[in-house]
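Examining the three-dimensional arrangement
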Amino acid sequence: MQAIILAGGKSSRMGQDKASMILGGKTVIQHVIDNLFFVFDEIFISGNHNNYPISKGIIKDVTTQKGPIGGIRSALEFCQEDIFVCSCDMPFVSSDLIKNILQKKIENRINVVRFGEKLYPVLGIYPFSILTDLKKTIESGNLRMISFLEQQNAHYIDLEDSFEHQLLNINTPENFRNAEIIFNNNLYK
C-alpha cells in the first residue's frame, strides 16, 4: 500500500497555500510527509503544485477542480493498488494513529476515521476496487465525499479521545493558531 497526501485544494479559507505554511520550523506538508514515512516506504503527493517537498513524486489530477474525490481518483489510477490517504493540512497525524487505522481496517472497503459524529474522509484507506464506481460518481457531478462513502458502505474507524488533537485540519487562520498552540505545548503526542 502506498501513502498519498492530498494537496490539490485552493486553500481559499486560509487565503494562502496552507501546506506551505511554517509550523514549528517546517512546512505543514513536511510534517505530514515525516509522519507518513514512519509507516510507509512510498509517499506521493496528489495535486497540481510543483513546489512541494520531495516525496516519491507528484500525481497530477486526471480531472481538475474535483476536490478530494478527484485527487483520490487520480491516485488510485496512478498507483493501481489500495492507497492510504491523508490530507496535506493534518500535520499531527502520528504513526500510532496510522497503525490504528491499518489494524482496524476491513479489506476491500473504504476505511475512514470517525471521531464522535465527525467523519474524516481524507484520512483512511481507499481500495483500488472502488475506482470504477468513483469515476462514475465524479462523471455524474456528485463530488460530495460523504455521499460516496455512504454509497460504498464505508467502514468508519472510531478513535479514542487521545487522538483528538491529531485530527486537526488547518483550513483557516484560527485553525493555524490552534495548531501552533498544539505544537508548542506538545498536545499532539
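About the criteria used
- Residues numbered from 1 in each chain as written.
- Predicted model: local features only at pLDDT ≥ 70, side-chain atom pairs only at ≥ 80, totals over all residues.
- Heavy atoms only, no water.
- Phe/Tyr/Trp six-rings, centres within 6.5 Å; stacked < 30°, edge-to-face > 60°.
- Helix = DSSP H or I, 4+ residues; strand = E, 2+ residues; numbered from the N terminus.
- Buried < 20%, exposed > 50% of the residue type's maximum accessible area, 1.4 Å probe, protein only.
- UniProt positions renumbered as here; feature names shortened; annotations may be inferred.
- Contact = heavy atoms within 4.5 Å.
- Polar contact = N/O pair within 3.5 Å; in protein donor to acceptor, adjacent residues only side chain to side chain.

Attention now goes to the packing of aromatic side chains. Two numbers describe a pair of aromatic rings. These are the distance of the centres and the angle of the planes. Evaluation of the coordinates by the stated rule reveals 2 aromatic pairs. Ring plane angle 35° and centroid distance 5.2 Å describe the contact between Phe 40 and Phe 84, whose orientation is recorded as tilted. Of this pair, Phe 40 sits in the loop between helix 1 (28–37) and strand 4 (43–46) while Phe 84 is found in strand 6 (residues 83–87), placing the two residues 44 residues apart along the sequence. For Phe 40, a relative accessible area of 6% gives the class buried. Both rings, one in Phe 44 and one in Phe 78, keep their centres 5.2 Å apart while their planes meet at 65°; by these two values the pair is edge-to-face. Remark: Phe 78 occurs in helix 2 (residues 67–79) and Phe 44 occurs in strand 4; sequence separation between them is 34 residues.

When the UniProt feature table is mapped to this numbering, "binding site: Mg(2+)" (unreviewed entry) covers Asp 89. Within the fold, Asp 89 resides in the loop between strand 6 and helix 3 (95–104). In this structure, Asp 89 is in contact with Lys 18, Val 28, Leu 168, Asn 169, Ile 170 and Asn 171, ignoring residues within four places of it in sequence. A polar contact is formed between the side chain of Asp 89 and the side chain of Asn 169, at a distance of 3.1 Å.

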